[in-house]
Amino acid sequence: LAKTTQPISMDSYEGQEVNITCSHNNIATNDYITWYQQFPSQGPRFIIQGYKTKVTNEVASLFIPADRKSSTLSLPRVSLSDTAVYYCLVGDNPNRDDKIIFGKGTRLHILP
Amino acid sequence: DAGVIQSPRHEVTEMGQEVTLRCKPISGHNSLFWYRQTMMRGLELLIYFNNNVPIDDSGMPEDRFSAKMPNASFSTLKIQPSEPRDSAVYFCASSFRASNEQFFGPGTRLTVL
């Protein structure tokens, strides 16, 4: 399983765009990149998933360069409620029965 | 669907007692995961099932921990005997496939005195 590295913590201010980068140098051809968000006292929640280039949904955007050795989660115009831990995960094609592993995550703290 | 259901939400017990945590996955999902989360160790995968069969239990800390999935709609995680270092939040999650989007339950906060 590909290992991921992401910053332990980040601070930002309300209204700013936040970019969290994750390194996954040994990502395999079939691996997808998935991001989860966890609020205090709750279980993680799926945010976005991608394979290459750019994916956007109502919550975030995911940028994946051509070599796929890293990915960046972009949160536009954050608010205090975006304070959470963000996990980057790499795992096999979702159509296969291989598990994915949560790392330590990035603790994002939004300041007023 | 009500989502993943876990019970109890909170459990306080004394060292040496048996603890049983319960999980009902989302109907139609065929993968189920048990996680443990602490401040020190983060979110750890304990065991996961595909189609009610345990696939990987390498994360189970020791023989005091056991998990079962007797049918597609129910799973238990048992700790016997419990120890103070088992205090943590235990999450159950389910997904259609093992590496698809996982849906987490609210967790069980276990305190072993």
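Residues numbered from 1 in each chain as written. Chains lettered and ligands numbered in written order. Predicted model: local features only at pLDDT ≥ 70, side-chain atom pairs only at ≥ 80, totals over all residues. Heavy atoms only, no water.

**Q** Which residues make up the overall build of chain A, and what values do they have?
**A** Counting secondary structure elements, chain A contains zero helices and nine strands. Its C-alpha atoms give chain A a radius of gyration of 13 Å, within 12% of the compact-globule value 13 Å for 112 residues. When its C-alpha atoms are laid out on the principal axes, chain A stretches across 40 × 30 × 25 Å. Burial status across chain A gives 45% buried among its 112 residues. Across chain A, every contact between residues at least 6 apart in sequence was considered, and the portion connecting residues at least 24 apart equals 57%. Counting only carbon and sulfur atoms, one obtains 49% of the accessible surface of chain A, whose full area is about 5,700 Å². (Helix = DSSP H or I, 4+ residues; strand = E, 2+ residues; numbered from the N terminus. Rg over C-alpha atoms; globule rule 2.2 N^0.38 Å. Buried < 20%, exposed > 50% of the residue type's maximum accessible area, 1.4 Å probe, protein only. Contact = heavy atoms within 4.5 Å. Areas by Shrake-Rupley, 256 points an atom, 1.4 Å probe, with all protein chains shown as cover.)

**Q** Could you give me a rundown of the layout of surface pockets, with the residues and numbers involved?
**A** Within this model, the largest pocket holds a volume of roughly 830 Å³. For the largest pocket, the lining is made up of 39 residues, of which A:Gln38, A:Tyr87, A:Arg107, B:Gln37 and B:Met39 are closest to its centre. Sorting the residues of the lining of the largest pocket by element identifies β8 (84–91) and β9 (106–111) of chain A together with β4 (31–38), β5 (42–50), β9 (88–95) and β11 (108–112) of chain B as the ones contributing at least two each. Residue composition of the lining of the largest pocket, by class: 15 nonpolar, 19 polar and five charged. (1 Å grid on protein atoms, 1.4 Å probe; cavity = no way out; pocket = protein on both sides within 12 Å on 5 of 7 lines; lining within 4 Å. Points joined across faces, edges and corners; volume = space filled by probe spheres on them. Nonpolar A, V, L, I, M, F, W, Y, C, P; charged D, E, K, R; others polar.)

**Q** Help me get a handle on the sheet that holds strand β2 (residues 18–23) of chain A, residues and values and all.
**A** Residues and elements named next belong to chain A. Strand order in the open sheet formed by four strands is β2-β7-β6-β5, with antiparallel pairing between adjacent strands. Two strands in the sheet have a free side with no partner beyond their single neighbour: β2 and β5 (53–56). In this sheet, adjacent strand axes meet at a mean angle of 15° when their direction is disregarded. For β5 and strand β6 (residues 61–64), the ladder comprises four bridges, and the chain directions are antiparallel. Residue Thr56 lies in a different strand from β6, and its bridge partner there is Ser61. (Pairing = 2+ DSSP bridges. Axes fitted to C-alpha atoms, helices over the stretch in contact; angles between N-to-C directions.)

**Q** Describe the side chain of B:Thr20, listing the residues and the values that go with them.
**A** Residues and elements named next belong to chain B. Within the secondary structure, Thr20 sits in strand β3 (residues 19–24). Taking the relative accessible area as the measure of exposure, Thr20 reaches 19% and is therefore buried. Setting aside residues up to four positions removed in sequence, Thr20 forms contacts with Pro8, Thr76, Leu77 and Lys78.

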